[in-house]
Amino acid sequence: MRIAILILAMGLFIAGPVAKLYHLDHADNYMFASGLGLVMITALAFIKKK
C-alpha cells in the first residue's frame with residue numbers, strides 16, 4: 001500500500017510541471033495537484049514503517 005501511494009504521489013508531483021510545459025488547459029489545477037503530491041511524499045518520508 002505504501003508503494004502504491006508513493007507512485008501516485010510521484011505521478012501527481014510530475015504532472016504539474018508537465019502541464020505547464022505543454023500549456024495544457026487548467027494547468028494551475030495540475031500545479032495544485034503537484035503540490036499535493038509533494039505533501040504526500042514528504043508525509044511518507046516522516047511516517048515510520050512498521
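Source: prediction; values computed, not measured. (Residues numbered from 1 in each chain as written. Predicted model: local features only at pLDDT ≥ 70, side-chain atom pairs only at ≥ 80, totals over all residues. Heavy atoms only, no water.)

**A word on the packing of helix H1 (residues 2-21) against helix H2 (residues 27-46)**
This is how it is decided: Simply put, an axis is a line fit to the C-alpha atoms, just over the touching stretch for a helix, and the angle between two N-to-C directions goes from 0 to 180 degrees. Numbering goes from the N terminus for both helices and strands, where a helix is a DSSP run of H or I of at least four residues and a strand is a run of E of at least two. With the far helix as reference, a near helix turned anticlockwise by less than a right angle produces a left-handed crossing, and one turned clockwise produces a right-handed crossing. Three residue categories are used. Nonpolar comprises Ala, Val, Leu, Ile, Met, Phe, Trp, Tyr, Cys and Pro, charged comprises Asp, Glu, Lys and Arg, and polar comprises the others, including Gly.
The interhelical angle for the contact between H1 and H2, taken along N-to-C directions, is 145°, at an axis separation of 7 Å. For the crossing formed where H1 meets H2, the hand is left-handed. When the residues that make up the contact of H1 with H2 are grouped by side-chain class, the tally is 18 nonpolar, three polar and three charged.

**Focus: H2**
What sets the pattern is the α-helix's 3.6 residues per turn: residues three or four places apart point alike. To keep it simple, the criterion reads: Each residue after the first adds 1.5 Å to the expected span of a helix. For the exposure calls, accessible area comes from a 1.4 Å probe over protein chains only, and a residue counts as buried if that area is under 20% of its type's maximum, exposed if over 50%, partly exposed in between. In this description, the arc belongs to the directions extending from the helix axis to the C-beta atoms. Should any heavy atoms of two residues lie within 4.5 Å, those residues are considered in contact.
With 20 residues, H2 extends 29 Å from end C-alpha to end C-alpha; this agrees with the ideal 28 Å at 1.5 Å per step. Considered for burial, the residues of H2 that qualify are Ala27, Ala33, Ser34, Gly37 and Leu44. Down the axis of H2, the buried side of the element spans an arc of 110°, and every buried residue falls inside it. Set apart from the buried face of H2 by more than 90 degrees, the exposed residues are Asp28, Asn29, Phe32, Val39 and Phe46. Elements in contact with the buried residues of H2: H1.

**Regarding a nonpolar patch on the surface**
Counted only if it meets this: For patches, a residue must show more than 30% relative accessible area and have no salt bridge; joins then use 9 Å for like charges and 5 Å for nonpolar side chains, namely Val, Leu, Ile, Met, Phe, Trp and Tyr. Where accessible areas are quoted, they stem from the Shrake-Rupley method and a 1.4 Å probe; at the residue level, only the protein chains shown are allowed to cover. The salt bridge criterion pairs a side-chain nitrogen of Lys or Arg with a carboxyl oxygen of Asp or Glu, the two atoms within 4 Å.
A grouping of Phe13, Ile14, Val18, Leu21, Tyr22, Leu24, Tyr30 and Leu38 is seen on the molecular surface, where their side chains present a nonpolar patch of about 790 Å² in accessible area. Of all the secondary structure elements, the ones that give two or more residues to the nonpolar patch are H1 and H2. The dominant element in the nonpolar patch, judged by the number of residues it contributes, is H1, at four residues. In this structure, Ile14 sits in helix H1.

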